[in-house]
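What the coordinates show
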Amino acid sequence: MPEERSLNFIEDIVEEDLAAGKYKHVHTRFPPEPNGYLHIGHAKSITLNFNLAKKYGGKTNLRFDDTNPTKEETEYVESIKEDVQWLGYKWDHEFYASDYFEQLYLFAETLINQGKAYVDDSSAETIALEKGTPTTPGITNSYRERSIPENLKLFREMRDGKYQDGEKVLRAKIDMAAPNMHMRDPVMYRIKHAAHHRTGLKWCIYPMYDFAHGQSDSLEHITHSICTLEFVPHRELYDWYIQQLGIFPSHQYEFARLNMSYTVMSKRKLLQLVQEGIVDGWDDPRMPTISAFRRRGFTPESIRNFCERIGVAKRENLIDFGLLEFCVREHLNKIAQRRMVVFDPLKLVITNFEENHVENLESDNNPENPADGKRNIPFTRELYIEKDDFMETPPKKYFRLAPGKMVRLKSAFIIQCNEVIKDEFGDIKELHCTYIPESRSGQDTSNIQVKGTLHWISALHTTSIELRMYDRLFTEEEPLKKEKDFLEYINPQSCIVLKNVYAESELLNATFHERYQFIRKGYFCLDKDTTAGHLVFNQTVGLKDSWAKEMKKA
RNA sequence: UGCCCGAUAGUAUAAGGGUAGUACAACAGUUUUUGGUACUGUCUGUCUUGGUUCGAAUCCAGGUCGGGCAACCA
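Throughout, a residue's number is its position along its own chain's written sequence, starting from 1. Key to labels: chains lettered from A, ligands numbered from 1, both in the order written. Totals for whole chains, interfaces and linings use every residue, but because this is a predicted model, local features are given only for residues with pLDDT of at least 70 and side-chain atom pairs only at 80 or more, for both listing and counting. Derived side-chain values reflect all non-hydrogen atoms in the structure, with water molecules and hydrogen atoms excluded from consideration.

Details of unusual backbone geometry
Heads up, the condition is: Going along the chain from the N terminus, every DSSP run of H or I of four or more residues is numbered as a helix, and every run of E of two or more is numbered as a strand. With a 1.4 Å probe rolled over the protein chains alone, any residue whose accessible area is under 20% of its type maximum counts as buried; one over 50% counts as exposed, and the rest are partly exposed.
Phi at Asp 185 takes a positive value of approximately 50°, unusual for a residue other than glycine. If you trace the backbone, Asp 185 turns up in the loop between strand 5 (169–172) and strand 6 (187–191). Judged by its relative accessible area of 0%, Asp 185 falls in the buried class.

Quick look at the structure:
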């Protein structure tokens, strides 16, 4: 399918460039700022950049955009590297904008020498004021007319630590009346006496994004520098710096960032959720971060597939969270080991089954993949089924168990419900059923047709596990676009913990690598909170449930 | 009232002057020892007004609507 997919607009551009002989290779880069964890929106960018280089025979660098020491941390660098690798991508070089600080500094002196940059002593407020507004031009100040030697001397003094934070900045000398605000003498360097996660205290001046990004692209000979739409107005400046410096002409192309329903995709908002303890860290399985999806059991394949399906264009978009769920179900259906787990047990006694006898049955580990083999499951006189798989007075088209009705127990026998035993409060205590010996799975000679098949578990062979059931983090599709603060729309049901759930004992052998389908329920994986005696599973995603949908309609 | 970007089913995304297609969602059905999976079918779309043309989603002009831009953030 990916072979036949039509090209997106960036691939179009690349193919035109290649056809025109503009480049021989396509070099891209993924340039995160290490100030937070990667989210699914970054996955879209990662997929785009790496796939482009792979498809057209080029390289992709991982470059950390670390020009602001007060916000960036090594912890984030490590998490970003882990996430990119987990997604299945290998970068060509690992670079840091901070690798280029010396070179960028020299570029700045070059511009000063060309009379295209100057040191401004104004305060941040004054600079903002003099910049004007989108509808009114800015004004020039006297610092703009400083001589080249004076600018050079002051800039060197800035570098040498002679001034305090905010005392001076280096600005490009472009046009204070430019219709594009970014061209009104943008700041190139600011003073920050702060320790940088890589360069330590070596520098006290740091380049701004605009003066670092394009030059870094150029130094790496990035041919197609892909970023999101909010950088469109920066492109003019991106090109300007490269042109003044006469360096390798990287070009910037912009696409629309990913937005997904029922979540937020801003690093700032995600950080807020973490810091205010609304979620339990960056990898809380309800977060839209890569690390959260990993913990929750999503596969890298399914995320890559999702990123390829959503397409790349320039219009604002809101992708249905359901599409991601579809992608993960699609993959998990093929690879997940099937197991039986009863969430909410109802005891069932097979009255015509010998006491203390254990009948060994077997069941497919994965009907989608016979190579996964079968496993043993014990059948005994006392079993548990799901409480909601029984109804005393069932509605029409209810295929599950009811008084007098028959159902198949998965991979076992057909049973019939004969008697409902209740306690003194009238609550159902247990069900008495009989089984049809000739209906044994795989050797059924009973000729009885039943519509329903239930999962079940032998009461003598249960193991107790903890389940964490996740739902969307917000109750609203676009929590940021509602009238109230987005935190008001947190879904109180987004994490429900089921403590003592009965699972078949085969799950005692569960591994962190394996994915499971709890039959008729959903996909699950072992959580990192698991300890030797206590298994904890995360629900990755539920199975599609057309019966529940049917009931909702009624 | 400046500059820039955008507008195709509910949601995304194709069609590059010549049959508006695909996926998800929704709906109906077939198969089924998972009410899962698989399969089949159905529904819904070119923002608007003009122009160019034999022919316009596509090219041109005006309008409308949505988004971005005034950090010593990226």
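Comments concerning the pairing of strand 21 (residues 462–470)
Worth spelling out the cut-off: Pairing between strands is defined by DSSP: at least two bridges between them are needed.
Buried residues dominate strand 21, accounting for 7 of its 9 residues. Where strand 21 meets strand 25 (residues 535–542), 4 bridges bridge the pair, whose relative direction is parallel. In the strand pairing of strand 25, Ile 465 is matched with Leu 535.

What about the pattern of salt bridges?
For side chains of opposite charge, pairing can occur when their charged atoms come near one another. Inclusion rule: Salt bridges are identified by distance alone: a Lys or Arg side-chain nitrogen within 4 Å of an Asp or Glu carboxyl oxygen.
Within this structure, the stated rule accounts for 47 salt bridges. For the salt bridge of Lys 173 with Glu 145, the shortest nitrogen-to-oxygen distance reads 3.9 Å. One end of the pair, Lys 173, is in the loop between strand 5 and strand 6; the other, Glu 145, is in the loop between helix 5 (124–130) and helix 6 (148–159), with 28 residues separating them in the sequence. On the basis of relative accessible area, Glu 145 is assigned to the exposed category, the value being 56%. Of the charged contacts in the structure, one is a salt bridge between Lys 481 and Glu 478, with a shortest N-O distance of 3.6 Å. According to the relative accessible area criterion, Glu 478 is partly exposed, its value standing at 31%. Taken together, the salt bridges that share partners define one network made up of Asp 283, Arg 295, Glu 466, Arg 468, Lys 499, Asp 527, Lys 528 and Asp 529.

Here's the deal with the side chain of Asn 151
Operational definition: Residue contacts follow a heavy-atom distance rule, with two residues in contact if any of their heavy atoms lie within 4.5 Å.
In this fold, Asn 151 is placed in helix 6. Given the relative accessible area of 2%, Asn 151 is considered buried. Setting aside residues no more than four positions away along its own chain, Asn 151 makes contact with Ile 112, Ala 117, Tyr 118, Val 119 and Arg 146.

Describing the protein's contact with RNA strand B
This is how the line gets drawn: When we say a residue is near a molecule or strand, we mean one of its heavy atoms is within 4 Å of it. As used in this structure description, the phrase polar contact means that two N or O atoms lie within 3.5 Å; if the pair is within protein, one of them must be able to donate a hydrogen and the other to accept it, and residues adjacent in sequence are counted only when both atoms belong to side chains.
Close to RNA strand B lie 70 residues; Asp 12, Thr 67, Arg 338, Arg 400 and Ser 441 are nearest. The contact atoms of RNA strand B, taken as those within 4 Å of the protein, divide so that sugar and phosphate hold 59%. Contact between RNA strand B and Ser 122: a base nitrogen at 2.9 Å from a main-chain N or O atom of the residue. A distance of 2.9 Å separates a base nitrogen of RNA strand B from a polar backbone atom of Lys 397. Elements with a contribution of two residues or more to the surface near RNA strand B: helix 1 (9–19), helix 5, strand 6, helix 12 (321–335) and helix 13 (546–553).

Remarks on the sheet that holds strand 1 (residues 27–30)
What counts here: To define axes, lines are fitted to C-alpha atoms, for helices over the stretch in contact only, and angles between the resulting N-to-C directions are given on a 0 to 180 degree scale.
Strand order in the open sheet formed by 3 strands is 1-2-3, and the pairing between neighbours is parallel. Of all the strands in the sheet, just strand 1 and strand 3 (94–96) have a single pairing partner and so form its edges. The average undirected angle you get between the axes of adjacent strands in this sheet is 35°. Across 4 bridges, the pairing between strand 1 and strand 2 (residues 59–64) is parallel. Residue pairing in the sheet places Thr 28 in a bridge with Thr 60 of strand 2. Across the sheet, helix 2 (residues 40–55) lies against strand 1 and strand 2, angled at about 160° from strand 1, the strand it touches most. Along the sheet face, helix 3 (residues 74–86) touches strand 1, strand 2 and strand 3 and points at about 160° away from the line of strand 2.

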